[in-house]
Amino acid sequence: MFTLAHLSDPHLSGWPLPAPNALLSKRVLGFLSWQLRRRFVHRQDVLDRVAADLAQSHPDHVAITGDITNISLPREFENAAAWLQRIGPPDRVSVIPGNHDRYIELPWSKHLALWDAYMTGDVRAGDTERFPYLRRRGPLALIGLSSAEPMPYNSAAGHVGGEQLARLAAMLPALEAEGLFRVVLIHHPPQARATHDRKALLDAAAFRDVLAQKGAELVLHGHTHRAHLDHLAGPRRRIPVLGVPSASAMPHGGKPAGGYHLYRVTRAGSGWDLEIETRALPQKGGSLETTGRFRLASQPA
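These numbers come from a predicted model, not from an experiment.

Participant: Just give me the short version of unusual backbone geometry, but keep the residues and values in it.
Facilitator: Residue Pro-132 is reached from Phe-131 by a cis peptide bond, and omega for that bond is -5 degrees. Note on placement: Pro-132 falls in the loop between strand 3 (93-95) and strand 4 (133-137). The phi dihedral of His-58 is positive, around 50 degrees, even though this residue is not glycine. Topologically, His-58 is positioned in the loop between helix 2 (44-57) and strand 2 (61-64). A relative accessible area of 63% means that His-58 is categorised as exposed.

Participant: I'd like a description of the side chain of His-61, backed by residues and values.
Facilitator: Within the secondary structure, His-61 sits in strand 2. Of note is the side chain of His-61, whose polar atom sits 2.7 Å from the side chain of Ser-94. Not counting the four nearest positions on each side in its chain, His-61 is found in contact with Phe-2, Thr-3, Leu-4, Ala-5, Asp-91, Arg-92, Val-93, Ser-94, Arg-135, Arg-137 and Leu-142.

Participant: Can you break down the sheet that holds strand 6 (residues 181-185) residue by residue, with the values?
Facilitator: Strand pairs in the sheet, formed through backbone hydrogen bonds, run parallel or antiparallel to each other. Spatially, 4-5-6-7-9-8 is the arrangement adopted by the six strands of the open sheet, whose pairing is mixed. Looking at the sheet topology across the chains shown, the edges are occupied by strand 4 and strand 8 (228-232). Taken pair by pair, the neighbouring strands of this sheet meet at an average axis angle of 25 degrees, ignoring direction. Of the pairings in the sheet, the one linking strand 7 (residues 218-221) to strand 9 (residues 239-243) comprises three bridges and is parallel in character. Residue pairing in the sheet places Leu-220 in a bridge with Leu-242 of strand 9. The strands touched by helix 5 (residues 204-214) are strand 6, strand 7, strand 8 and strand 9; relative to strand 8, the strand with the most contacts, the crossing angle is about 65 degrees.

Participant: Describe the packing of helix 4 (residues 162-177) against helix 5, and please don't skip the residues or the numbers.
Facilitator: One way to put it is that helix 4 packs onto helix 5 with a least axis distance of 10 Å and a crossing angle of 20 degrees. Between helix 4 and helix 5, the angle is such that the two are roughly parallel. The chirality of how helix 4 crosses helix 5 is right-handed. Note on element contacts: helix 5 touches helix 4 through Ala-206, Phe-207, Val-210, Leu-211 and Lys-214, opposite Leu-165, Leu-168, Ala-169, Leu-172, Pro-173 and Glu-176. Counted by class, the contact of helix 4 with helix 5 contains nine nonpolar, no polar and two charged residues.

Participant: Explain a nonpolar patch on the surface to me, and be specific about the residues and the numbers.
Facilitator: Taken together, the side chains of Val-28, Leu-29, Leu-32, Leu-36 and Tyr-153 present a nonpolar region at the surface, about 490 Å² in accessible area. For Val-28, a relative accessible area of 30% gives the class partly exposed.

Participant: I'd like to hear about the nonpolar core, residue by residue, with values.
Facilitator: Counting residues in each nonpolar core, the largest one holds 49 residues, and the members touching the most others are Ile-64, Ile-68, Trp-83, Val-95, Trp-115, Val-183 and Tyr-263. Once you skip the residues sitting within four places of it in the chain, Ile-64 turns out to touch Leu-7, Trp-83, Leu-84, Ile-87, Val-93, Ser-94, Val-95 and Ile-96. Among the nonpolar cores identified, the runner-up in size contains 24 residues, and Leu-168, Leu-172, Leu-201 and Ile-239 belong to it.

Participant: If you had to explain empty space enclosed by the protein to someone new, which residues and values would you point to?
Facilitator: Empty space left among the atoms is revealed by rolling a probe the size of a water molecule over them. Taken as a whole and assessed by the stated rule, the structure comprises four cavities of 30 Å³ or more. By volume, the second largest cavity is sized at about 50 Å³. Around the second largest cavity, the lining residues are Glu-176, Arg-182, Lys-214, Gly-215, Ala-216, Glu-217, Gly-234, Pro-235, Arg-236, Arg-237 and Ile-239. Partitioned by chemical class, the residues of the lining of the second largest cavity number three nonpolar, two polar and six charged.

Criteria and thresholds
Residues numbered from 1 in each chain as written. Predicted model: local features only at pLDDT ≥ 70, side-chain atom pairs only at ≥ 80, totals over all residues. Heavy atoms only, no water. Helix = DSSP H or I, 4+ residues; strand = E, 2+ residues; numbered from the N terminus. Buried < 20%, exposed > 50% of the residue type's maximum accessible area, 1.4 Å probe, protein only. Polar contact = N/O pair within 3.5 Å; in protein donor to acceptor, adjacent residues only side chain to side chain. Contact = heavy atoms within 4.5 Å. Pairing = 2+ DSSP bridges. Axes fitted to C-alpha atoms, helices over the stretch in contact; angles between N-to-C directions. Parallel < 35°, antiparallel > 145°, perpendicular 65-115°, else oblique. Left-handed = near helix turned anticlockwise from the far one by under 90°. Nonpolar A, V, L, I, M, F, W, Y, C, P; charged D, E, K, R; others polar. Patch = residues over 30% accessible without salt bridge, like charges linked within 9 Å, V, L, I, M, F, W, Y side chains within 5 Å. Areas by Shrake-Rupley, 256 points an atom, 1.4 Å probe, with all protein chains shown as cover. Salt bridge = Lys/Arg side-chain N within 4 Å of Asp/Glu carboxyl O. Core = buried A, V, L, I, M, F, W, Y, C linked by side-chain atoms within 4.5 Å. 1 Å grid on protein atoms, 1.4 Å probe; cavity = no way out; pocket = protein on both sides within 12 Å on 5 of 7 lines; lining within 4 Å. Points joined across faces, edges and corners; volume = space filled by probe spheres on them.

The following block contains the structure:
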């Protein structure tokens, strides 16, 4: 059995008041949103309890599907790098960026380079081919895509792009031939009508086409701050798609408190057995508890 933990959208708090010139961009809207609303939702004490519970679960690997920062300030990336070190070393933690981590256009060296070790595949690609990266861990092949691109004001949409999708299409059959359990990590949900248009994955249909032709065993995403299970079409079977709540959230607007998922993958004959455990804070606070546990039918290889 191999256990993969999945958390997302921690939106780290505790960042300092930015200088006025740092807000001369889309950042000003994000800063106002944080001051007026989001700082009351995303709490460090919640995130600390989630991280402590995660450590007690002793997963073999952790996947974090983006939105570690809020408005992509340099200090936020520094804080995030320190937080990632507390979650685990780079070979035990895989990260992809979310839209808040690419809030505005910045050189790689000024922001995401601080997390580079957590977003590097087993074979280092060139800077123009950084995503999708590939990490083999136990029976898993972890494929990290980036749907994070700077977007116009009032847009939290995402875009993967043709080059990433072409590389993904080449990876998936080769990894299936190796007998690996293929896990695709993406920040924005790829299923149809998963969220409002201004928050949607713009090329979700193209992404779904790749998976319909090439297949995968599991797709994990963040962005919606909700725990849910959907499915996408695959060449021989449906592909489960799971989202998680924000790891730092208080209950708000019908969305749940912070939590994470555990996926236990076991070989089952010629296929796989997948057990899913959802853990979350109860509505009235306290320690995390198991809110669901279920097993998906063994899939043929």
